[in-house]
Amino acid sequence: MDRYYWMYKAPRMSKPYLNGVENFISVAEANRVNNGSRSISCPCNNCKNFLSFIDTGEIEYHLLHDGFVPNYTCWSRHGESLLDCSTSLNNLHSNENTFNNDSYLDDDDHHSNDRNDNFNEMFDDMETNMGADCNTPKF
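What counts and what doesn't
- Residues numbered from 1 in each chain as written.
- Predicted model: local features only at pLDDT ≥ 70, side-chain atom pairs only at ≥ 80, totals over all residues.
- Heavy atoms only, no water.
- Helix = DSSP H or I, 4+ residues; strand = E, 2+ residues; numbered from the N terminus.
- Buried < 20%, exposed > 50% of the residue type's maximum accessible area, 1.4 Å probe, protein only.
- Contact = heavy atoms within 4.5 Å.
- Areas by Shrake-Rupley, 256 points an atom, 1.4 Å probe, with all protein chains shown as cover.
- Core = buried A, V, L, I, M, F, W, Y, C linked by side-chain atoms within 4.5 Å.
- Salt bridge = Lys/Arg side-chain N within 4 Å of Asp/Glu carboxyl O.
- Arc of directions from axis to C-beta.
- Polar contact = N/O pair within 3.5 Å; in protein donor to acceptor, adjacent residues only side chain to side chain.

The next point concerns the overall build of the protein chain. For the protein chain, the count of helices and strands is six helices and two strands. Shown N-terminal to C-terminal, the secondary structure of the protein chain runs as helices and strands in the order α-α-β-β-α-α-α-α. Out of the 139 residues in the protein chain, the part that is buried amounts to 29%. Put simply, 53% of the contacts in the protein chain that link residues at least 6 apart link residues at least 24 apart. In the form shown here, the protein chain has an accessible surface area of approximately 9,000 Å², with 50% of it arising from carbon and sulfur atoms.

Another point: the nonpolar core. Ranked by internal contacts, the top residues of the largest apolar core, which has 18 residues, are Trp6, Val21, Phe24, Ile59, Leu63 and Phe68. Mapped onto this core, the elements with two or more residues apiece are helix 1 (3-9), helix 2 (15-35) and helix 3 (56-66). Ranked by residues supplied to this core, first place goes to helix 2 with five residues.

Looking now at the pattern of salt bridges. All chains considered together, the criterion is met by two salt bridges. Between Glu80 and Arg3 there is a salt bridge whose closest N-O contact spans 2.8 Å. Taken as a pair, Glu80 in the loop between helix 3 and helix 4 (82-95) and Arg3 in helix 1 lie far apart in primary sequence, 77 residues in all. On the accessibility criterion, Arg3 (22% relative accessible area) is partly exposed. Across the pair Glu29 and Arg32 runs a salt bridge whose closest N-O atoms are separated by 2.6 Å. Note that Glu29 and Arg32 are positioned in helix 2 at a spacing of three residues, about one turn of the helix.

Now for helix 3. Here helix 3 has its buried residues at Ile59, His62 and Leu63. The arc that holds the buried residues of helix 3, viewed along the axis, is 95 degrees, so those residues lie on one side. Among the structural elements, helix 2, strand 1 (40-41) and strand 2 (52-53) are those in contact with the buried residues of helix 3. The N-capping residue of helix 3, defined by a side-chain oxygen 2.9 Å from the backbone nitrogen of Gly57, is Asp55. Remark: Gly67 follows helix 3 within two positions and exhibits a positive phi of approximately 75 degrees.

Here's what the structure looks like:
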């Protein structure tokens, strides 16, 4: 089933949504273990990947209550690469024989991350790498 459908169109208590949330939690937990992290950022519409939790049950509750943050069909904060997601999207459209560059650009809003997600991730990395140097200008 198309990820966009179950994340944003299916009712939150429907079987597709519940199965999708369960799958998301599995992917996020595997990424947490792989990275050696203690917590997982919550992609609910309230936390918007800015808050993290140790307990996956808390994230699951948020997703069932608030839904996913808009345009988060590529789980880049949870181990998926944007390149892999765009490749999967291209393959999906190619297999349907409906893909053309113009329709992809017009219909891209619901298939990719918010452009600010990438900026925020880059900004977080930059802050981490800059350390606590007081003489370094803050952006």
